[in-house]
Amino acid sequence: MGQSDLEVLIDMGFEKARAEIAVKKSGGLQGALQWLEDNQDKPLEDITSSENADETNPSIEPAPLKEGEVARSMVCNECGKKFRSMAQAEFHASKTEHVDFAESTEEIAPLTEEEKKAKLEELRAKNAEKKAKQAILDKEEQRKNEKIRMKSTKEVQDIKEKLAQQEQIKAAAAKRQEKLNDIAAKKRIQEKIAADKEARRLKAEAQKAEREGRAPPADPSLAAAQAQAAVPSGSGSTPKKEVTEARLRLQTAAGVVMKTFPVEMTLFEVAQSLTTENGGMEVESFTMTYPKKTFSGSVDFGKTLKEAGLAPSAVLIVK
């Protein structure tokens, strides 16, 4: 049993759906080949959705001429192509915009077996060429997509590496700061131990001097500060920078406190600061060891550190 027209077309490599439409609309292999050639660039969706395909398709084979009928055809005077039906001529006009047509009494002979084979080979070659071009386009598209994907992956990797590097920098900075904080804390502890030791020494010497009925020894740091403050302004030395802060060594019952206050702060505000920081300790007076002087009462407590002569530094016993 020989192959059907549809099977021949499928063996040639045409899509089954497109081949079925071609055979259905043309009624034979010759018409199907012409239909496939004329519609090879038209999407299958457009073909199947076209409502007037039967009326406008140039590949449809007309019915054989009946006995006694005169064969007629249409010829395009612009390109010389002949058509077996008016529908084919109209379709040709819509595709090419040719408008010069004429009737012809010449009957278009059907294709010979050799012509059919040649057309089959031509269609097969065109179909193979189309598939090859599409394969090249698909390969190029795939290459572009792969290039985009690789670029995106690299950008993501670069961002991750940058973030990791920033985290390492932050961690190193935090570690350095922690080390500096430890050094500063150790230094403060050492200074407090030294200050407490010095305060105990001064207190012991002051008590000894009091028992012996003589003036307590002068605080070396206070004597140096007062000596510097006593230098005359017109002595030819470099003008002294205006003092804005007072550094006080406060000897309390709980220990020595080293604090710096603005020179415009009053003794009352200093007392309030000590009360707040030492659990409600009541401050009644401040006493300088050298020269010996006691500040108490509302009058003295209303003086600023500058007015009381406690700038730039002083040692005070807090009671």
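Residues numbered from 1 in each chain as written. Predicted model: local features only at pLDDT ≥ 70, side-chain atom pairs only at ≥ 80, totals over all residues. Heavy atoms only, no water.

Peer 1: Looking at this structure, I do not really get the overall build of the protein. What am I missing?
Peer 2: Of regular secondary structure, the protein possesses 10 helices and 8 strands. Out of the 319 residues in the protein, the part that is buried amounts to 28%. Taking all contacts inside the protein whose residues are at least 6 apart in sequence as the whole, residues at least 24 apart take part in 56%. Split by element, the accessible area of the protein, about 22,100 Å² in all, is 54% carbon and sulfur. (Helix = DSSP H or I, 4+ residues; strand = E, 2+ residues; numbered from the N terminus. Buried < 20%, exposed > 50% of the residue type's maximum accessible area, 1.4 Å probe, protein only. Contact = heavy atoms within 4.5 Å. Areas by Shrake-Rupley, 256 points an atom, 1.4 Å probe, with all protein chains shown as cover.)

Peer 1: Explain the side chain of Asn39 to me, please; I cannot follow it from the model alone.
Peer 2: Counting through the fold element by element, Asn39 comes out in the loop between helix 3 (29-38) and helix 4 (44-49). You can call Asn39 buried: its relative accessible area is 3%. Side-chain polar atoms of Asn39 contact the backbone oxygen of Trp35, separated by 2.8 Å. (Polar contact = N/O pair within 3.5 Å; in protein donor to acceptor, adjacent residues only side chain to side chain.)

Peer 1: When you look at the packing of helix 2 (residues 16-26) against helix 3 in this model, what are you seeing that I'm missing?
Peer 2: Two quantities define a packed helix pair, namely the angle between the helix axes and the distance between the axes. The N-to-C vectors of helix 2 and helix 3 enclose an angle of 125 degrees; their axes lie 8 Å apart at closest approach. The angle between helix 2 and helix 3 falls in the class oblique. Between helix 2 and helix 3 the crossing geometry is right-handed. Contact residues: helix 2 offers Arg18, Ile21, Ala22, Val23, Lys25 and Ser26, while helix 3 offers Gly31, Ala32, Trp35 and Leu36. Of the residues contributing to the contact of helix 2 with helix 3, the split by class is 6 nonpolar, 2 polar and 2 charged. (Axes fitted to C-alpha atoms, helices over the stretch in contact; angles between N-to-C directions. Parallel < 35°, antiparallel > 145°, perpendicular 65-115°, else oblique. Left-handed = near helix turned anticlockwise from the far one by under 90°. Nonpolar A, V, L, I, M, F, W, Y, C, P; charged D, E, K, R; others polar.)

Peer 1: Hey, could you run me through the packing of helix 3 against helix 7 (residues 113-212) in this one?
Peer 2: One can describe the packing of helix 3 onto helix 7 by two numbers: an axis separation of 10 Å at closest approach and a directional angle of 30 degrees. In terms of orientation, helix 3 lies roughly parallel with respect to helix 7. Pair helix 3 / helix 7 crosses with left-handed handedness. Within the contact between the two elements, helix 3 uses Gln30, Leu33, Gln34 and Glu37 and helix 7 uses Lys116, Lys119, Leu120, Glu122, Leu123 and Lys126. By residue class, the composition of the contact of helix 3 with helix 7 is 3 nonpolar, 2 polar and 5 charged.

Peer 1: So what exactly am I meant to see when it comes to the sheet that holds strand 7 (residues 292-296) here?
Peer 2: Whether parallel or antiparallel, the strands of a sheet pair through hydrogen bonds between backbone atoms. The 5 strands are arranged 5-4-8-6-7 in an open sheet whose pairing can be described as mixed. The open sheet terminates on both sides in strands that have one partner only, identified here as strand 5 (255-262) and strand 7. Averaged over neighbouring strand pairs, the angle between their axes works out to 30 degrees when direction is ignored. Across 5 bridges, strand 6 (residues 285-289) lies against strand 7 in antiparallel orientation. Within the sheet, the bridge partner assigned to Thr287 lies in strand 7 and is Thr294. Sheet strands touched by helix 7: strand 4 (245-252) and strand 5. Its angle to strand 4, the strand with the most contacts, is close to 65 degrees. (Pairing = 2+ DSSP bridges.)

Peer 1: Mind showing me how you'd approach helix 6 (residues 86-96) here?
Peer 2: Helical geometry: 3.6 residues make up each α-helical turn, so side chains three or four residues apart lie on a common side. For helix 6, the complete set of buried residues consists of Gln88, Ala89, Phe91 and His92. All buried residues of helix 6 fall inside an arc of 160 degrees around its axis, so they share one side. What points out from helix 6, more than 90 degrees from its buried face, is the exposed set Glu90 and Ser94. Of the residues flanking the end of helix 6, it is Glu97, one or two places downstream, whose phi is positive at about 65 degrees. (Arc of directions from axis to C-beta.)

Peer 1: Please clarify how the sheet that holds strand 3 (residues 101-104) should be interpreted in this entry.
Peer 2: If you trace the 3 strands from one edge of the open sheet to the other, you get 2-1-3, paired in antiparallel fashion. Of all the strands in the sheet, the pair left with one neighbour each is strand 2 (82-83) and strand 3.

Peer 1: Hey, could you run me through the pairing of strand 5 in this one?
Peer 2: Put simply, side chains in a regular strand alternate between the two faces of the sheet. Here strand 4 pairs with strand 5 via 8 bridges, running antiparallel. Paired with Glu245 across the bridge in strand 5 is Pro262.

Peer 1: Could you clarify how one ought to interpret the confidence of the model for the protein in this entry?
Peer 2: For residues with low pLDDT, the predicted coordinates do not support detailed interpretation. Per-residue pLDDT for the protein averages 79, and the proportion of residues at 70 or more is 81%. With pLDDT under 50 throughout, residues 51-66 is counted as low confidence; its partners more than four residues away or in other chains account for 32 contacts. (pLDDT = per-residue confidence, 0-100.)

Peer 1: Please clarify how the pattern of salt bridges should be interpreted in this entry.
Peer 2: Once the charged atoms of two side chains with opposite charge are near each other, the side chains can pair. Per the counting criterion, the structure on display carries 12 salt bridges. For Lys133, the salt bridge is made with Glu129, and the minimal N-O distance between the two is 3.4 Å. Here Lys133 and its partner Glu129 are both found in helix 7, 4 residues apart, which amounts to about one turn of the helix. The class for Glu129 is partly exposed, based on a relative accessible area of 43%. With a closest N to O distance of 3.2 Å, Lys192 and Asp196 form a salt bridge. Note that Lys192 and Asp196 are positioned in helix 7 at a spacing of 4 residues, about one turn of the helix. Asp196 sits in the buried class, given a relative accessible area of 17%. (Salt bridge = Lys/Arg side-chain N within 4 Å of Asp/Glu carboxyl O.)

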